[in-house]
Amino acid sequence: SDVCSSDLYARQHKKKGREGLTAARLGQILEYLGVARLITLDLHSKEIENSFNRLRVENLHASYQILKILAQIEDLQSEELVIISPDTGAIDRNKFFSSSLKKPLGLIYKERDYSRVSYTARDSNIISIRLLGEVKDKIVFMADDMLGTGGTILKAIAALKDKGARRIICAVSLPFFNGPAIEQFEEAYRDNILYRVIGTNAVYHDADLLDREWYLNAEVDDLFARSIYRIHYNLSLSSLMDNTKIIKDLLEKNSKRSLLEK
């Protein structure tokens, strides 16, 4: 096979005790099957790319598609908008949004009890949360790569709300919503803790999620289609891999629209 289009399910890129490196194992399986090229979306960590010996990885980003949706519900030039990373692992992702939008960047530090396993959003292993940054009366935008049970994000949202955040918008590239996560996010929305979640259609969902008022869907199928087309015809992927220019154009359009509305 010349090209394989997939979202890596394996987050495991570091060893803890005798745990296996499932990202490396996945790479070995794909290479054994003869895959020469992998197209994926927002890898959990850059280290995962080192799990492959011969296979070439094209790691696409949904930042532009997510910001297009964000621009429909918020003024991207608003002085009230701040960027908060939900944990230390997502700091690079949120730093990109912070630098692109020229907004302050904060960080949530979570202390975990690794003797416990997270099964649901309520039953997570997070035992304390600390915030580095100011969110009082602010509109918070927080981005992460993956949402499983949603425990991490829901606890982060509750902590930000306690700190006085006015609205909280989350962006997730791979929104799985495992178990009862959808209902627990619905409850957070009804309690005015959550404002919006922006996800992508890289993960299939039916009307149970898509019809929720708090959920907004960013489409990335065109991004994958363009990537496959360019690879097939040996064309450059640079413009698709680097979203800086198109995000800059989006911000200029958003700024002009804001001026017209005033």
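All of the points below concern the structure found in this document.

Calculation criteria
Once a new chain begins, its residue numbering starts again from 1 and follows that chain's sequence as written. The predicted nature of this model means local features are confined to residues of pLDDT at least 70 and side-chain atom pairs, given and counted, to a pLDDT of 80 or more, with totals for whole chains, interfaces and linings taken over all residues. To get the side-chain values, take all heavy atoms of the structure and skip hydrogens and water. Helix and strand definitions follow DSSP, with helices as H or I runs of at least four residues and strands as E runs of at least two, each counted in order from the N terminus. Categorising residues by exposure relies on relative accessible area from a 1.4 Å probe, with only protein chains included: less than 20% of the type maximum marks a residue as buried, more than 50% marks it as exposed, and the intermediate range marks it as partly exposed. Contacts are assigned to residue pairs with any non-hydrogen atoms lying within 4.5 Å of each other. One less than the residue count of a helix, multiplied by 1.5 Å, gives the span that helix is expected to have. This arc describes the spread of directions from the helix axis toward the C-beta atoms. A pair of strands is considered paired only if DSSP assigns at least 2 bridges between the two. A crossover counts as right-handed when, viewed with the strands pointing away from the observer, the path leading from the first strand over the helix to the second turns clockwise. Each reported salt bridge corresponds to a side-chain nitrogen of Lys or Arg within 4 Å of a carboxyl oxygen of Asp or Glu. Patch membership needs two things, relative accessible area over 30% and no salt bridge, and members are linked within 9 Å if like-charged or within 5 Å if nonpolar (Val, Leu, Ile, Met, Phe, Trp, Tyr). All accessibility values rest on the Shrake-Rupley procedure with a 1.4 Å probe; residue burial counts only the protein chains present in the view. Residue types Ala, Val, Leu, Ile, Met, Phe, Trp, Tyr and Cys, when buried and joined through side-chain atoms within 4.5 Å, form a set referred to as a nonpolar core.

### What to know about the overall build of the protein
- Counting its regular elements, the protein contains 9 helices and 10 strands.
- Within the span of the protein, comprising 262 residues, buried residues form 46% of the whole.
- Partitioning the intrachain contacts of the protein with sequence separation of at least 6 by distance along the chain shows that 64% fall at a separation of at least 24.

### Describing helix α7 (residues 221–232)
- The terminal C-alpha atoms of α7, which comprises 12 residues, lie 16 Å apart, in line with the 16 Å expected from a rise of 1.5 Å per residue.
- Among the residues of α7, those classed as buried are L223, F224, S227 and I231. Buried residues in α7, looked at end-on, bunch into an arc of 95°, giving them a common side.
- Count one or two residues on from α7 and you reach N234, which has phi positive near 55°.

### Examining the side chain of S100
- Within the secondary structure, S100 is located in helix α3 (residues 91–101).
- For S100, the residues in contact, after removing those within four places along its chain, are I247 and L251.

### Concerning the environment of L76
- For L76, the location among the structural elements is in the loop between α2 (63–73) and β4 (81–85).
- Taking the C-alpha atoms as reference, L76 lies 9.3 Å from K103; in sequence the two are 27 residues apart.
- Among residues more than four places away in sequence, those in contact with L76 are L67, L70, A71, L81, L101, K103, L251 and N254.

### Some remarks on the pairing of strand β9 (residues 196–200)
- Of all 5 residues making up β9, 5 are buried, and the element is well covered by its neighbours.
- Taking every second residue as pointing to the same face, both faces of β9 are buried, with R196, I198 and T200 on one and V197 and G199 on the other.
- Bridging between strand β8 (residues 167–175) and β9 involves 3 bridges; their strand directions are parallel. The residue bridging I169 from the neighbouring strand is R196, located in β9.
- Handedness of the crossover joining β8 and β9 through helix α5 (residues 181–190) is recorded here as right-handed.
- Here 4 bridges tie β9 to strand β10 (residues 215–218), and the two strands are oriented parallel to one another. The residue of β10 that forms the bridge with I198 is L216.

### Considerations on the environment of R226
- For R226, the location among the structural elements is in helix α7.
- Residue R226 is classed as partly exposed on the basis of its relative accessible area of 44%.
- Along the primary structure R226 and L240 are separated by 14 residues, whereas in three dimensions their C-alpha atoms are 8.2 Å apart.

### Examining the pattern of salt bridges
- Summed over all chains, the structure comprises 10 salt bridges.
- For R190, the salt bridge identified is with E186, shortest N-O distance 3.8 Å. Taken together, the residues R190 and E186, both in helix α5 and 4 residues apart, mark about one turn of the helix.
- Judged by relative accessible area, which is 14%, E186 ranks as buried.

### What about a nonpolar patch on the surface?
- A contiguous nonpolar surface patch, about 400 Å² in accessible area, is contributed by I29, Y32 and L33.
- Inspection of the secondary structure assignment puts I29 in helix α1 (residues 22–32).

### As for the nonpolar core
- Core analysis: the biggest nonpolar cluster contains 33 residues, and L41, L67, L70, L101, F141 and I198 have the highest contact counts within it.
- When contributions to this core are tallied by element, the ones reaching two or more residues are β2 (37–41), α2, β4, α3, β7 (139–147), β8, α7 and α9 (244–261).
- Looking at this core, the element that brings in the most residues is α2, giving 5 residues.
- The residues contacting L70, other than those within four sequence positions of it, are L76, F141, I169 and I198.
- In terms of nonpolar packing, the next biggest core, distinct from the first, is built from 26 residues, I84, L154, A165 and L194 among them.

The values reported here are purely geometric and, on their own, carry no functional implication.
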